[in-house]
Every structure is written in C-alpha cells, then in structure tokens.
Amino acid sequence: MLALKRLLLVAVLLAAGAAAGVALHTALTQGDTMFAGKRPQNLGYETGRLAPCKRSPNCVSSQADPQDERHYIAPLALKGNAIAAVRKAVESIPRTTVVQVEPDYLYAEFRSKLMGFVDDVEFLFDPAKGVVHVRSASRLGRRDFGVNRERVEKLRALLEKRIIS
C-alpha cells in the first residue's frame, strides 16, 4: 500500500512539473509558443474558393457542403466594403493578427489565451452573391471543442450589430 501511495505521489509530482514547465514556457516565450504550429501551405483562394476543410472536426467553412453539419457554416451576408468591415470586427477580438489583406480577401491568425494555439481564419468576398465566405481551422489537434464555429458566429454578431446600429 505504501508503494502505491509513493507511485501515485511521483505521478502527481511529474504531472505538476510538466504543467508548470508548459506554463513557464508559455509565459516567457514571446511570439509563437510550442503550440502555435506552422502556417499551413494551403491558405489563400483559387477560382473563388478557399481550401476545403480536412476530415477532422476542427474546421468550419461556408464553402463546405451544406449537408456536412460538422464543417458547414453559413457565409456572412455583407455588401459594400465587406473586407474593411470584416477587418474591423476581426481586429476587435483579442490575440488576433491580421496577416494579409486584399480587396476581396483577408487572412488572420487567432491565438488562444492560455496555451497559444493558433487558428487560421480566412474571408473571401463574393460580390456577385453579396456574401463573405469564411474558413476557420485549427492548426494543431483533431478537435477544437467548437471554438472555430463560435468565433465565426461571434464575428457574424459583431458585423450584424455594426450594420444595424
């Protein structure tokens, strides 16, 4: 019984040490943390399309098949200078970096507060339809616990508030 208690104590101390090490790394590292991952090579658009989501459930896209409930999200209904409006909404969210802006395209990186995980978010304006297509994907991991979908809906609410008010 004493050996089991000692083994449990060692396991707890190792876990606490690992957690402290990760917290220290995150607190002391300026810029990207070990959880930032590398910027994907498939960002941008081609012939009016953003890159499709991978099969993992940590991505949403307005260009996914609407029958794909895991990945599909409605586009943002905007007219006029849509990308400028999107940029203002994006920049109002903490820990966000706008990386690239074109007349009909915006790419931004969103970082999580605690661990510094990075999500890549793209917006592509389709003037013919009066919508902004959006793709939000986590760089690392398989699941995102709905963070990408929540982010897009938060941006949608911010944009609707600015249009109405």
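What comes next is a walk through the structure. (Residues numbered from 1 in each chain as written. Predicted model: local features only at pLDDT ≥ 70, side-chain atom pairs only at ≥ 80, totals over all residues. Heavy atoms only, no water.)

## A look at the overall build of the protein chain
We count it as follows: What counts as a helix is a DSSP run of H or I of at least four residues, what counts as a strand is a run of E of at least two, and both are numbered from the N terminus. Relative accessible area decides the class of each residue, using a 1.4 Å probe on protein chains only: under 20% of the type maximum gives buried, over 50% gives exposed, and in between gives partly exposed. Only heavy atoms enter the contact rule, under which two residues are in contact if any of them lie within 4.5 Å.
Looking only at helices and strands, the protein chain features 3 helices and 8 strands. Counting from the amino terminus, the protein chain carries its helices and strands in the arrangement α-β-β-β-β-α-β-β-β-β-α. By the burial criterion, 37% of the 165 residues in the protein chain qualify as buried. For the protein chain, long-range pairs separated by at least 24 residues make up 51% of all intrachain contacts whose partners lie at least 6 apart in sequence.

## Some thoughts on the packing of aromatic side chains
Where we set the bar: In this analysis, rings of Phe, Tyr and Trp, with Trp reduced to its six-membered ring, are considered paired at centre separations within 6.5 Å, and the interplanar angle assigns stacked below 30 degrees, edge-to-face beyond 60, and tilted for intermediate values. Distance and angle both matter: a charge sits over a ring if NZ of Lys or CZ of Arg is within 6 Å of the ring centre and within 35 degrees of the ring normal.
Scanning the entire structure with this criterion turns up 1 aromatic pair. For the pair Y45 and Y105, a centre-to-centre distance of 5.2 Å together with 45° between the ring planes defines the contact as tilted. Here Y105 lies in strand 6 (residues 105–111) and Y45 lies in strand 1 (residues 45–46), a separation of 60 residues in the sequence. Since its relative accessible area comes to 40%, Y45 is described here as partly exposed. Look at Y105 and you get buried, because its relative accessible area is 1%. In this arrangement the basic side chain of R151 is found over the ring face of F110, its NZ or CZ atom lying 4.5 Å from the centre.

## Some points on helix 2 (residues 82–91)
We count it as follows: To be clear, the arc concerns the directions from the helix axis to the C-beta atoms.
When we look at burial in helix 2, the residues that qualify are A82, I83, V86, A89 and V90. The arc that holds the buried residues of helix 2, viewed along the axis, is 120°, so those residues lie on one side.

## Let's talk about the pairing of strand 6
Consecutive residues of a regular strand have side chains that alternate between opposite faces of the sheet. To keep things clear, this is the line we draw: At least two bridges found by DSSP between two strands are what make those strands a pair.
Most of strand 6 sits out of view: 6 of its 7 residues are buried. Inspection of the sheet shows strand 5 (residues 96–102) paired to strand 6 by 6 bridges, in the antiparallel sense. The residue of strand 6 that forms the bridge with T97 is E109. What sits between the antiparallel neighbours strand 5 and strand 6 is a turn of 2 residues. Strand direction decides the pairing type here: strand 6 and strand 7 (residues 118–126), joined by 7 bridges, are antiparallel.

## Looking at the side chain of D120
By secondary structure assignment, the location of D120 is in strand 7. Taking the relative accessible area as the measure of exposure, D120 reaches 2% and is therefore buried. Residues contacting D120, with those up to four places away along its chain left out, are P40, L43, Y107, A108, E109, R135, S136, A137 and R139.

## What about the state of the cysteines?
Here a disulfide denotes one covalent bond, and it connects the sulfur atoms of two cysteines. Rules: Disulfides are defined in this document as cysteine sulfur pairs within 2.5 Å.
Applying the stated criterion across every chain, the model contains 1 disulfide. Residue C53 pairs covalently with C59 via a disulfide, S to S 2.1 Å. Looking down the S-S bond of the C53 and C59 bridge, the torsion is -65°, so its handedness is left-handed.

## A look at the pattern of salt bridges
Side-chain pairs of opposite charge can arise whenever the charged atoms involved come near each other. Going by this rule: We define a salt bridge as a contact between a side-chain nitrogen of Lys or Arg and a carboxyl oxygen of Asp or Glu at a distance within 4 Å.
Under the definition given, this model contains 8 salt bridges. Residues E109 and R111 are paired through a salt bridge, measuring 3.6 Å at the closest nitrogen-oxygen approach. According to the relative accessible area criterion, R111 is partly exposed, its value standing at 21%. Ionic contacts of the salt-bridge type, sharing partners, join the residues R39, E109, R111, D120 and R139 into one network.

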